Amino acid sequence: MTQSPAVRSLGRFGEVRIGERAARTLAAELARCDDRKAALLVGVTPDAPVLAVAIEALLPGDRLTVVPAGSTSPAELRSHVATLGSWVADRVRVVDTLAEAEAADVMIVGEALVGTGEEARATLDGLTKYLAEGGVLSVATPAGPGRTAGAAAELDRQGALHGVGVDLVLRNQPPVRVHRLRFTAVDAAMAARLAPAYRPSSVPLTRDMHIDSNGVAAAGIALGLAALTRAVRPKSKLWLVPALAAAPVAAFFRDPERDVPEDPSAVVAAADGRVLSVQRLHDERFGAGEWLRVAVFLSVLDVHVNRSPVAGKVVDYFVADGGFANAMKPEAEHNVAAYTVLDTEHGTVVVAQRTGLIARRIVQRAPVGSLLARGERFGLIRFGSRTDVYLPAEAADPLVGPGDKVVGGSSVIARWR
């Protein structure tokens, strides 16, 4: 079978397996958009998990165009789609070549991108022609020491220029890194029509409870230290200290599912904790005018995952140097802090992740250009501290006060006027 150049430059199917977890990460942008949309899936076989995941994400008004992998004929793929019933067959079109595809709002490459940097660049150039204005391209590349350096380096370069998200999927054989790229501008209003994105950065324990990958890594280090201590000093009981600490450390990074309010006027808490203050102030770093700031203190017992309080587009991110004072004290105002600036339909909104006496590490996973749904995870602060939400004072009314307990992604802390 003759493939179009864009498909031919991808790796051979089966060279890098795309499992279900990686498939769900690739299809995250498709699954989170509730608007009517056109999707394009390139390089799949009938039994590819990414095909099943993409079909599962379709809504009644959606259209999905599929280009088969080199090992599959279009007839074989059409036959498979026909067996899935009329509902699927009416929405999924299999084409012989990529040249037959229409512009897509979401494009997914079903095979990991391998080869040289030049080949990867040529592939991306060939694919971007089929993206609609503001469309997102999701593509994977091998990760880890054995990854194909040329293609991976080119994806990293493209990600720095056009990336709106990247996820490392360790639970894939071999591990892959999934890049989401947007080559043209998108309006911030689009964020209000999105659901929180699927993130592989946590390990599910139950249907409603996950552990963030940071917690898995920390627990693994503790268990490794326990094993090393027991090997070096087999007669000592010291190994019990890190071994018993593994579970509490992992629990610090628990990541529960949350019910996000559907009310479009609601502003939700960015973190679990207790409200320290609600005040009006001026901060020229974010623009002229008065700001309404809601500060929430996170103890070591609270959930550390941070969520976006509003739907918006990340337009800036910066870190301010400072100290590590107790987050409950006024001096914490000058602690090290990471600021995520969002453009929204109601104006600029800022989320500050502040360090504290114990918390020294801030994780932020939303690059500039990405869209965040209300209540969507975007980072965490290791071992507590403080999260502040800045809202335009003339556009929002606070609904909480000092001492109130709030739940990230669920509690309404303010309402747009």
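What you see is a predicted model; the values in this text were computed from it and never measured.

> Looking at this model, I keep getting lost on the overall build of the protein chain. Mind explaining?
If you tally the helices and strands in the protein chain, you get ten helices and 24 strands. For 417 residues, the compact-globule formula gives about 22 Å, and the C-alpha radius of gyration of the protein chain, at 23 Å, lands near that figure. Each principal axis of the C-alpha atoms in the protein chain carries an extent, and together these give about 70 × 65 × 40 Å. In the protein chain, which comprises 417 residues, the share counted as buried stands at 54%. Considering only contacts within the protein chain whose residues lie at least 6 apart along the sequence, 74% involve residues at least 24 apart. When the accessible surface of the protein chain is totalled, it reaches about 18100 Å², and 56% of it is carbon and sulfur. Computed over 47 positive and 46 negative side-chain charges, the inter-centroid distance for the protein chain is 8 Å.

> Where do I start with the domain arrangement of the protein chain in this structure?
Accessible area lost upon the coming together of the parts is a frequently used measure of interface size. For the protein chain, the domain assignment lists domain 1 (20-186), domain 2 (209-254) and domain 3 (263-416). For domain 2 versus domain 3, the distance between C-alpha centres works out to 31 Å. For the domain 2 and domain 3 pair, buried surface summed over both sides reaches about 800 Å², with 52% attributable to carbon and sulfur atoms. Counting across the interface, domain 2 meets domain 3 through one salt bridge. The closest approach of N and O atoms between Arg365 and Asp212, which form a salt bridge, is 2.9 Å. Along the contact surface separating domain 2 from domain 3 lie four residue pairs in polar contact (both at pLDDT 80 or more). A per-class count over the side of domain 2 that touches domain 3 returns two nonpolar, two polar and two charged.

> Would you explain the environment of Val363 in this entry?
Structurally, Val363 is set in strand β18 (residues 362-364). In contact with Val363, other than residues within four places in its own chain, are Asn214, Gln353, Phe378, Gly379, Leu380 and Arg382.

> Even after reading the chapter, I still don't get the nonpolar core, so can you show me in this structure?
Burial of nonpolar side chains together is a common tendency in soluble globular proteins. In terms of nonpolar packing, the biggest core is built from 33 residues, with Leu41, Leu64 and Val66 touching the most fellow members. At the level of elements, α2 (20-26), β1 (38-44), α4 (49-56), β2 (63-68), α5 (74-82), β3 (92-94), β4 (104-109) and β7 (176-181) are the ones that each hand at least two residues to this core. If one sorts the elements of this core by residue count, α4 sits on top with five residues. Here Leu64 is in contact with Ala39, Leu40, Leu41, Ala54, Ile55, Leu58, Arg91, Val92 and Arg93, once residues within four sequence places are set aside. Listed in part, the 25 residues of the second largest apolar core include Ala269, Leu372, Ala393 and Val406.

> Sorry, what's going on with the pattern of salt bridges here?
Side-chain pairing between opposite charges can occur once the charged atoms of the two side chains come close. According to the stated counting rule, one finds 29 salt bridges in the structure shown. With a shortest N-O distance of 3.3 Å, Glu20 and Arg24 are connected by a salt bridge. Taken together, the positions of Glu20 and Arg24, both in helix α2 and four residues apart, correspond to about one turn of that helix. The exposure class of Arg24 is partly exposed, given its relative accessible area of 26%. With a closest N to O distance of 2.8 Å, Lys405 and Asp302 form a salt bridge. Here Asp302 lies in the loop between β13 (290-298) and β14 (305-307) and Lys405 lies in strand β23 (residues 405-406), a separation of 103 residues in the sequence. Judged by its relative accessible area of 47%, Lys405 is partly exposed. Ionic contacts of the salt-bridge type, sharing partners, join the residues Glu29, Arg32, Asp167, Arg180, Arg199 and Glu376 into one network.

> Where do I start with the side chain of Ser411 in this structure?
Note that Ser411 resides in the loop between β23 and β24 (412-416). In terms of polar contacts, Ser411 uses its side chain to reach the backbone amide nitrogen of Val407, at 2.8 Å. When near neighbours in sequence (up to four residues on either side) are disregarded, Ser411 contacts Val267, Val268, Ala269 and Val406.

> What's the story with the side chain of Arg21 in this structure? I'm lost.
In this structure, Arg21 sits in helix α2. Buried charged residue Arg21 carries no salt bridge. Nearest counter-charge: Glu20, at 8.6 Å.

Criteria and cut-off values
- Residues numbered from 1 in each chain as written.
- Predicted model: local features only at pLDDT ≥ 70, side-chain atom pairs only at ≥ 80, totals over all residues.
- Heavy atoms only, no water.
- Helix = DSSP H or I, 4+ residues; strand = E, 2+ residues; numbered from the N terminus.
- Rg over C-alpha atoms; globule rule 2.2 N^0.38 Å.
- Buried < 20%, exposed > 50% of the residue type's maximum accessible area, 1.4 Å probe, protein only.
- Contact = heavy atoms within 4.5 Å.
- Areas by Shrake-Rupley, 256 points an atom, 1.4 Å probe, with all protein chains shown as cover.
- Lys, Arg positive; Asp, Glu negative; His and termini not counted.
- Charge placed at Lys NZ, Arg CZ, Asp CG, Glu CD.
- Domains from an automatic or database assignment.
- Buried area = accessible area lost by both parts, 1.4 Å probe.
- Salt bridge = Lys/Arg side-chain N within 4 Å of Asp/Glu carboxyl O.
- Polar contact = N/O pair within 3.5 Å; in protein donor to acceptor, adjacent residues only side chain to side chain.
- Nonpolar A, V, L, I, M, F, W, Y, C, P; charged D, E, K, R; others polar.
- Core = buried A, V, L, I, M, F, W, Y, C linked by side-chain atoms within 4.5 Å.

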